[in-house]
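An overview of the molecular structure
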Amino acid sequence: MTLNQILFLVLTLAGVVVAVYLVRLFAQLRRTAAEGEQTLVEFRELAKNLNELDILVKQRIEDLGSTLEASRRAAVGLSEASFLLTTKILSPSSKILPLALPVARFVMQYLKKKKEKKNVQ
């Protein structure tokens, strides 16, 4: 064998190795591209679901905001009513309460006895 034949044989063998390597590389790239497309489809579905979920959460937050506002108004109204009750009704009446309770008890007992007498007759 001559040097040219040996070099041609080496170059042919190297060319075959490179061709096999490139074929395997292209096959792997094709599989990777197919998996990438499948992942992209799944990603689009997940993004769509995420957008729907985001819209739902925003609606619920708006509903919760109105509920919190109504609760706040109710709490303010209750606070004002209790303040009015304690300052206008209970504080002045607490001065006469020690006198009013025995009188109220006497009146209740009197009415009870009167009712019992009517039921007996």
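Residues numbered from 1 in each chain as written. Predicted model: local features only at pLDDT ≥ 70, side-chain atom pairs only at ≥ 80, totals over all residues. Heavy atoms only, no water.

**Description of the overall build of the protein**
For the protein, the helix and strand inventory stands at 1 helix and 0 strands. Computed over its C-alpha atoms, the radius of gyration of the protein comes to 47 Å, more than 25% above the 14 Å expected for a compact globule of 121 residues. In terms of overall dimensions, the protein has C-alpha extents of about 145 × 40 × 20 Å along its principal axes. Residue burial in the protein is summarised as follows: out of 121 residues, 0% are buried. Surface exposure of the protein reaches about 11600 Å², of which carbon and sulfur atoms provide 68%. Charge centroids of the protein, computed over 18 positive and 11 negative side chains, lie 22 Å from each other. (Helix = DSSP H or I, 4+ residues; strand = E, 2+ residues; numbered from the N terminus. Rg over C-alpha atoms; globule rule 2.2 N^0.38 Å. Buried < 20%, exposed > 50% of the residue type's maximum accessible area, 1.4 Å probe, protein only. Areas by Shrake-Rupley, 256 points an atom, 1.4 Å probe, with all protein chains shown as cover. Lys, Arg positive; Asp, Glu negative; His and termini not counted. Charge placed at Lys NZ, Arg CZ, Asp CG, Glu CD.)

**Remarks on the environment of L56**
Residue position: L56 is located in helix α1 (residues 3–120). With a relative accessible area of 39%, L56 lands in the partly exposed category. The spacing of L56 and F26 is 30 residues in sequence and 45 Å in space, taken between C-alpha atoms.

**What about a nonpolar patch on the surface?**
Together, V18, Y21, L22, L25, F26 and L29 give the surface a local cluster of nonpolar side chains, amounting to about 580 Å² of exposed area. Note that L25 resides in helix α1. L25 gets classed as partly exposed once you look at its relative accessible area, which sits at 35%. (Patch = residues over 30% accessible without salt bridge, like charges linked within 9 Å, V, L, I, M, F, W, Y side chains within 5 Å. Salt bridge = Lys/Arg side-chain N within 4 Å of Asp/Glu carboxyl O.)

**As for the pattern of salt bridges**
Charged atoms that come close allow side chains of opposite charge to pair. Per the stated rule, a full pass over the model turns up 3 salt bridges. A salt bridge links R72 to E69; the nearest nitrogen and oxygen atoms lie 2.7 Å apart. Of the two residues, R72 and E69 are both situated in helix α1; the distance of 3 residues between them amounts to about one turn of the helix. The exposure class assigned to R72 is partly exposed, which follows from its relative accessible area of 46%. A salt bridge links E69 to R73; the shortest N-O distance between them is 3.4 Å. Linking E69 with R73, this pair stays in helix α1, spanning 4 residues, or about one helical turn. Classification of E69 as partly exposed rests on a relative accessible area of 29%. Each of E69, R72 and R73 takes part in salt bridges that share partners, so that together they form one network.

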